[in-house]
Amino acid sequence: MLSYVLRRLAWSTATLFVMSLLVFAGVYAIGNPVDLLINPQADQAEIARATALLGLDRPLWEQYWLFFCGALGGDLGISFAASVPAITLILERMPATLELALTAMLIAITLGIPLGLLAGLRPRSWLARSIMALSTLGFALPTFWVGLMLIMVFSVQLGWLPTTGRGATVDVFGIPLSIFTADGLRHLLLPATTLALFKLALLIRLARAGTQDAMLQDYVRYARAKGLSERAVVRSHVLPNILIPIVTVAGLELGSLIAFAIVTETVFAWPGMGKLLIDSINVLDRPVIVAYLLATVCLFILINLLVDLLYAVLDPRVQAGDTQ
Amino acid sequence: MRYPCTMKHRPLTKHLRLLCAALVLLAAGAGAAELRIGLSGEVTSLDPQYLAAQPNLTVARHVFESLTDVDTQTRLIPGLAERWRAIDANTWEFNLRRGVKFHDGSPFTADDVAFSLVRPLSIKGSPGGFAAFVRAVASTTVVDAHTLRVKTKYPYGALPEDLNSILIVSKKHAQNAGPEDFDSGRALVGTGPYKYLRYQRGDRLELTRNEHWWGKTPAWDKVTLRILPADPSRTAALLSGELDVIEHVPSADIKNINKNNKLHVTQTTSWRTILLHLDQYRTQPPGVSDLSGKPLSANPFMDLRVRRAISKAINRSAIAERVMEGLAVPAANIVSPGVFGYNSALKAEPYDPDGAKRLLSEAGYPNGFRVTLAGPNNRYINDEQVLQTVAQLLTRVGIQTRVEAAPMSAFLGRVRKEETSFALLGWGSFAADLSLRSLVAAPNTEKGYGAWNWGRYANPKVESLMEQALGSVDRNKREALAREAGTLAMQDLAFIPLHHQVVSWAMRADLAYVPRTDEFTFAHHFTPR
């Protein structure tokens, strides 16, 4: 177990290193952020001065080396545009994104598994067919369109919910969270639903397929033969068995939710990390881009590790580390 | 006003107290005038001297002021300086407004101004570009608390314009302040109409009225500036009533907003001129070839007849009406109508495809040639559609044009690597001579000329007139010279002017705003009507 975790850590470090190198070179190849940031009246001398101030006049390898040395000490550089440490900017925005992604995941799981289960148990009923139609829509509709439609209907036409932004926050252990205030929840509902839709569709399909498969298994037949009620069969035999693939996928998808949140955050002006990334890419704010991607990779690695551990809990036959 | 719970003689239960508190809040909400504005640009820092970008300055100008101000038409008016005059060719004297106080109550003096003029150069890691506005300054002398003399390195008439961009900070608060001190409001102490209340980066800035401001008291005692760069979201927030005003109304939404009787749109010609730079220095510019793809023997853009053919081939009124959906005015000038140095005698080139073909034949390209037109796709109003339309119009007269549109970051990177030879740029300025210095004067690092003259157009006559204009401290003389220089550059088609953008605001029907040529959105200029 320990050697497994250590091996994973070594791989992760290598991934982080390669990632930072690629992003660094990529942003460098696009252009000079000073051209984008500087005031147009600036002359050549002023552009050169600003470029030198940000260290962008040095050769690429030297810039990377300076970044690397700083990164070892936990310093990922200072944002060109905001003059604030990049990591501060990201940590400042992280609660908003995590809150949004986790709420979306929660919506997807609490709706997706029961709906999928229902659809799997009676695949030919009209209910099952409507659920599957819903799931098809969830796959087919682009996120930004769904977001805008929800805004038009629930905010502009009906006036029930706010269009954009994050609501009032309360500090929980020093972290500002909006899920614990009524205003915060009102603001969270539309973006979280938008973000959840795709994952909801996916979980419905997974749960349905799993259920249909499980219903044909011998253990279900035996359970029925034992005289268990249909409800008990589903609760204690079907559900636990379909959960394993769902946990794996849900875990992986949580990572992609955090990354996919970019579109939703832009549409709903949600002040999260995704919006920060877009803004930073627009002005080639390299320290923030690199720090964001490193933070995201770390998050992915962490989630994958947790999923593996959870997997072992759910299925006693699996031991974390048995990957070969 | 009196509220029931201020009567202390009667003991109240906890619940009643809460109820009262809620009532007070409601009453305060109803009586207080708040204005909620949706801004379109990302604000990166609240330090007014960190980055000279319009979104940052929009926010900063609510809290801070500059010596010289500009009116809605970009003409100079007094700001923190009541008057200014040139004592001699190299010295300007500014007489500061008396009785002005910073938000903390400390008096505003010439020391603060002298400090604010040197501070931009000393900010660590700032890509700001504010140094460009004080590059002509040799030294400043504080004559007394309300008089400041600025010596320039050379005779310089545009100093009052340049100093409009330098916001005056309080020396006491800004001296040792870092960016975090501005974002937290500690150092955000100015003389302006609004004071810092709360800031959430990337989301909103809340401000309260400065009751001691020297100017006309603004109608709103609280202002919330929301940052909403996504166009549809900004419109939606206005439609739902969450915002009272939005700036930069998406062109597609203007018609619908005008139909809505609870809202209205106000607009004016902006100072931003959209133009096409042409390579005029390489014999074989990249992307230019004959119709079979082989290089041409000479650079066609160097021939005035070809430049005129391109100008005639472009249907500016069709672009303005259809592609820009009315958000453009065909251009013939280097600056927008009303801006210092504008020449109303210049008329936009009429659409004349036959004339264009004739000129091309005369220049030796009867069958045309091939070019690549580059430009941004996320910077100006409908920029990519404008590029596509221009390309189609040019192709129609024989200049086969391919479009290469990219995000501003990638596009500028290519321009700086000199990989483009025909490219679109937007430019806004207070004065024609300032525009000429950046866009038309031959690139010269020492003098700071032509930093944005991508085509390296060079014309000694234009340049000498421009230098005389910039060096003239007599405004009338300067404007005449600037107008002459700009006219000459346009007759020679230093670049192809396309259009001046129109800038628009949408707001509640009971609000009024005088639209500003410089595109700024100021809460204190909105009035109930």
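Above: the structure in question.
A brief structural summary. Bear in mind that the values here come from a model prediction, so they are computed numbers and not experimental data.

A word on the overall build of chain B. Across its full length, chain B carries 16 helices and 19 strands. By the compact-globule yardstick of 24 Å for 529 residues, chain B fits well, its C-alpha radius of gyration being 26 Å. When its C-alpha atoms are laid out on the principal axes, chain B stretches across 100 × 55 × 40 Å. Counting all 529 residues of chain B, 53% fall into the buried class. Put simply, 68% of the contacts in chain B that link residues at least 6 apart link residues at least 24 apart.

In this section: the overall build of chain A. Counting its regular elements, chain A contains twelve helices and two strands. With respect to the principal axes defined by its C-alpha atoms, chain A has extents near 85 × 55 × 35 Å. The buried share of chain A, reckoned over its 324 residues, is 40%. By sequence separation, contacts in chain A at least 24 residues apart represent 70% of the contacts at least 6 residues apart.

To continue, consider helix α5 (residues 86-121) of chain A. A rise of 1.5 Å per residue sets the reference length of α5(A), with its 36 residues, at 52 Å; its end C-alpha atoms lie 50 Å apart and thus fit the reference within 8%. Along α5(A), the sharpest change in direction is near 35 degrees and occurs at A:Met94; proline A:Pro95 comes one to four residues later.

So, on to the interface of chain A and chain B. Counting residues at the interface gives 51 residues for chain A, matched by 44 residues for chain B. Those elements that provide at least two residues to the side of chain A that touches chain B are α2 (33-37), α3 (44-53), α7 (143-157), α10 (230-267) and α11 (273-282) of chain A. Looking at which element gives the most residues to the side of chain A that touches chain B, the answer is α3(A), with seven residues. For the side of chain A that touches chain B, the residue count by class is 30 nonpolar, 13 polar and eight charged.

Moving on to the sheet that holds strand β6 (residues 137-144) of chain B. Residue and element names in this part refer to chain B. Taking strand neighbours across the sheet as the criterion, the four strands line up as β4-β5-β7-β6 in an open arrangement whose pairing is antiparallel. Since the sheet does not close on itself, it has two edges, and those belong to β4 (81-88) and β6, each with one partner. Across this sheet, the average inter-strand angle for adjacent strands is 20 degrees, counted without regard to direction. Examined bridge by bridge, β4 and strand β5 (residues 91-96) share six bridges and lie antiparallel to one another. Looking across to β5, one finds that Asp88 is bridged to Thr91. With respect to the sheet, helix α3 (residues 110-118) is in contact with β5, β6 and β7 (147-152), its orientation differing from that of β6 by roughly 170 degrees.

Time to look at the nonpolar core. Grouped together as the largest cluster of nonpolar side chains are 229 residues, with contacts concentrated most on A:Leu203 and B:Leu436. Top contributing element to this core by residue count: helix α8 (residues 182-215) of chain A, with 15 residues.

Attention now moves to the pairing of strand β14 (residues 369-376) of chain B. Residues and elements named next belong to chain B. Here β14 lies mainly inside the structure; six of its eight residues are buried. Examined bridge by bridge, β14 and strand β15 (residues 399-406) share eight bridges and lie parallel to one another. Along β15, the bridge assignment pairs Pro376 with Ala406. Taken together, β14, helix α12 (residues 383-396) and β15 form a β-α-β motif whose crossover is right-handed.

With that out of the way, let us pick up helix α13 (residues 408-416) of chain B. Side chains that are three or four residues apart share a direction in an α-helix, a result of its 3.6 residues per turn. All of the buried residues along α13(B) are B:Met408, B:Ser409, B:Phe411, B:Leu412, B:Gly413 and B:Val415. Those residues of α13(B) that are buried lie in contact with α1 (2-30), α2 and α11 of chain A together with β14, β15 and β16 (422-428) of chain B. A positive backbone phi angle near 60 degrees is found at B:Glu418, which sits one or two residues after α13(B).

Moving on, we get to the pairing of strand β17 (residues 496-508) of chain B. It is a general feature of regular strands that their side chains alternate between the two faces of the sheet. Residue and element names in this part refer to chain B. Within β17, twelve of the 13 residues are buried, leaving the element largely enclosed by the surrounding structure. Of the pairings in the sheet, the one linking strand β11 (residues 245-247) to β17 comprises three bridges and is antiparallel in character. In the sheet register, Glu247 faces β17, and the bridge partner there is Trp505. As defined by bridge partners, strand β12 (residues 263-278) adjoins β17 across eleven bridges and the pair is classed as antiparallel. Among the inter-strand pairings, Val265 is bridged to a residue of β17, identified as Ala506. Looking at chain direction, strand β13 (residues 328-330) and β17 are connected through three bridges and run antiparallel. Looking across to β17, one finds that Ala328 is bridged to Gln501.

When two helices pack together, their arrangement is given by the angle between the helix axes and by the axis-to-axis distance. All names here are of chain B. Packing of helix α14 (residues 432-439) against helix α16 (residues 475-491) brings their axes to within 8 Å, and their N-to-C directions diverge by 45 degrees. As summarised for this structure, α14 and α16 are arranged oblique, according to the angle between their axes. The crossing of α14 and α16 is left-handed. Two secondary-structure elements touch here, α14 through Ala432, Asp433 and Leu436 and α16 through Ala482, Arg483, Ala485, Gly486 and Ala489. Of the residues contributing to the contact of α14 with α16, the split by class is five nonpolar, one polar and two charged.

On to unusual backbone geometry, then. Its identity as a non-glycine residue notwithstanding, A:Ser83 has a phi of 60 degrees, on the positive side. Turning to its location among the elements, A:Ser83 is positioned in the loop between α4 (60-72) and α5. Phi at B:Leu493 takes a positive value of approximately 50 degrees, unusual for a residue other than glycine. When you line up the elements, B:Leu493 lands in the loop between α16 and β17. Take B:Leu493: there are 20 C-beta atoms within 10 Å of it, and that puts it in the buried class.

Calculation criteria
Residues numbered from 1 in each chain as written. Chains lettered and ligands numbered in written order. Predicted model: local features only at pLDDT ≥ 70, side-chain atom pairs only at ≥ 80, totals over all residues. Helix = DSSP H or I, 4+ residues; strand = E, 2+ residues; numbered from the N terminus. Rg over C-alpha atoms; globule rule 2.2 N^0.38 Å. Buried ≥ 20, exposed ≤ 12 C-beta atoms within 10 Å, placed from the backbone. Contact = placed C-beta atoms within 7 Å. Expected span 1.5 Å × (residues − 1). Bend = angle between axes of the 7 residues up to and from the residue. Nonpolar A, V, L, I, M, F, W, Y, C, P; charged D, E, K, R; others polar. Pairing = 2+ DSSP bridges. Axes fitted to C-alpha atoms, helices over the stretch in contact; angles between N-to-C directions. Core = buried A, V, L, I, M, F, W, Y, C linked by C-beta atoms within 7 Å. Right-handed = clockwise from strand over helix to strand, strands pointing away. Parallel < 35°, antiparallel > 145°, perpendicular 65-115°, else oblique. Left-handed = near helix turned anticlockwise from the far one by under 90°.

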